[in-house]
Amino acid sequence: MTEQNHNTACVCGSYSFEVLMRDDPSGDKVWQLKATGCAATTQSKFAPGHDAKLKSLIIQAGVGGHPVRRVVRDTVVSKDALRVAADLGWEDLVRDAIARGSS
């Protein structure tokens, strides 16, 4: 009997970063969430083309100096964009793009 591969959530959907927009009149900080918006499922780590979506998000965070966070179930890990890229095997590519200031 062959075992079926089950779809799991695309990894890119678990990454995001926040950009400070402004302080509101009461002094609260208002943030904008930047994420891939991915809700795809896949039998691989990434849905087709979603590794590129994630690279772009990480580069945007790095250019802006924002930490990248990954949420998996009830655990949140926040890291520098280059550390995230290194974990994914993209450090050189992301470093070069951040230095150029573009995704």
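Coordinates for the structure precede this section.
Residues numbered from 1 in each chain as written. Predicted model: local features only at pLDDT ≥ 70, side-chain atom pairs only at ≥ 80, totals over all residues. Heavy atoms only, no water.

Chemist: Account for unusual backbone geometry, with residues named and values stated.
Modeler: Positive phi outside glycine occurs at Arg 73, with the angle close to 55°. Among the secondary structure elements, Arg 73 is positioned in the loop between strand 5 (68-72) and strand 6 (75-79). What makes Arg 73 exposed here is its relative accessible area of 77%. (Helix = DSSP H or I, 4+ residues; strand = E, 2+ residues; numbered from the N terminus. Buried < 20%, exposed > 50% of the residue type's maximum accessible area, 1.4 Å probe, protein only.)

Chemist: Run through the nonpolar core, naming residues and quoting values.
Modeler: Counting 22 residues, the largest nonpolar core has Tyr 15, Phe 46, Leu 54, Ile 58, Leu 88 and Trp 90 as its most contacted members. Within the residue set of this core, elements represented by two or more residues are strand 2 (15-23), helix 1 (50-64), helix 2 (81-88) and helix 3 (91-100). Looking at this core, the element that brings in the most residues is helix 1, giving 5 residues. Those residues in contact with Tyr 15 that sit more than four places away from it in its chain are Ala 35, Thr 36, Leu 54, Leu 57, Val 68, Arg 69, Arg 70, Val 84 and Leu 88. (Core = buried A, V, L, I, M, F, W, Y, C linked by side-chain atoms within 4.5 Å. Contact = heavy atoms within 4.5 Å.)

Chemist: Could you give an account of the environment of Met 21, with specific residues and numbers?
Modeler: Examined against the element boundaries, Met 21 turns out to sit in strand 2. Taking the C-alpha atoms as reference points, Met 21 and Ala 52, separated by 31 residues in sequence, lie 26 Å from one another. Discounting residues that sit within four places of it in the chain, Met 21 has contacts with Val 30, Trp 31 and Gln 32.

Chemist: Would you mind going over the sheet that holds strand 6 in detail, with residue names and values included?
Modeler: Taken together, the 4 strands give an open sheet; going across it, the order is 3-2-5-6, and neighbouring strands pair in antiparallel fashion. Either end of the sheet is taken by a strand with one partner, and the two such strands are strand 3 (29-35) and strand 6. Across the sheet, the mean angle from the axis of one strand to that of its neighbour is 35°, orientation sign disregarded. Relative to strand 5, strand 2 runs antiparallel, the two sharing 2 bridges. Paired with Ser 16 across the two strands is Arg 69, which belongs to strand 5. Helix 1 rests against strand 2, strand 3 and strand 5 of the sheet, and its axis sits at about 35° to strand 2. (Pairing = 2+ DSSP bridges. Axes fitted to C-alpha atoms, helices over the stretch in contact; angles between N-to-C directions.)

Chemist: So what's going on with the pairing of strand 3? Residues and values would help.
Modeler: Pairing analysis gives 7 bridges linking strand 2 to strand 3, with the strands arranged antiparallel. Bridge pairing links Asp 23 to Lys 29 in strand 3. Counting the residues in the hairpin turn of strand 2 and strand 3 gives 5 residues, including Gly 27, whose phi is positive at 95°.

Chemist: I'd like to hear about the side chain of Ser 14, residue by residue, with values.
Modeler: Structurally, Ser 14 is set in the loop between strand 1 (8-9) and strand 2. Looking at Ser 14, the relative accessible area reads 15%, which means it is buried. Within polar-contact distance, the side chain of Ser 14 engages the side chain of Arg 70 at 2.9 Å. Ser 14 has contacts with Arg 69, Arg 70 and Val 71, leaving out every residue within four places of it along the chain. (Polar contact = N/O pair within 3.5 Å; in protein donor to acceptor, adjacent residues only side chain to side chain.)

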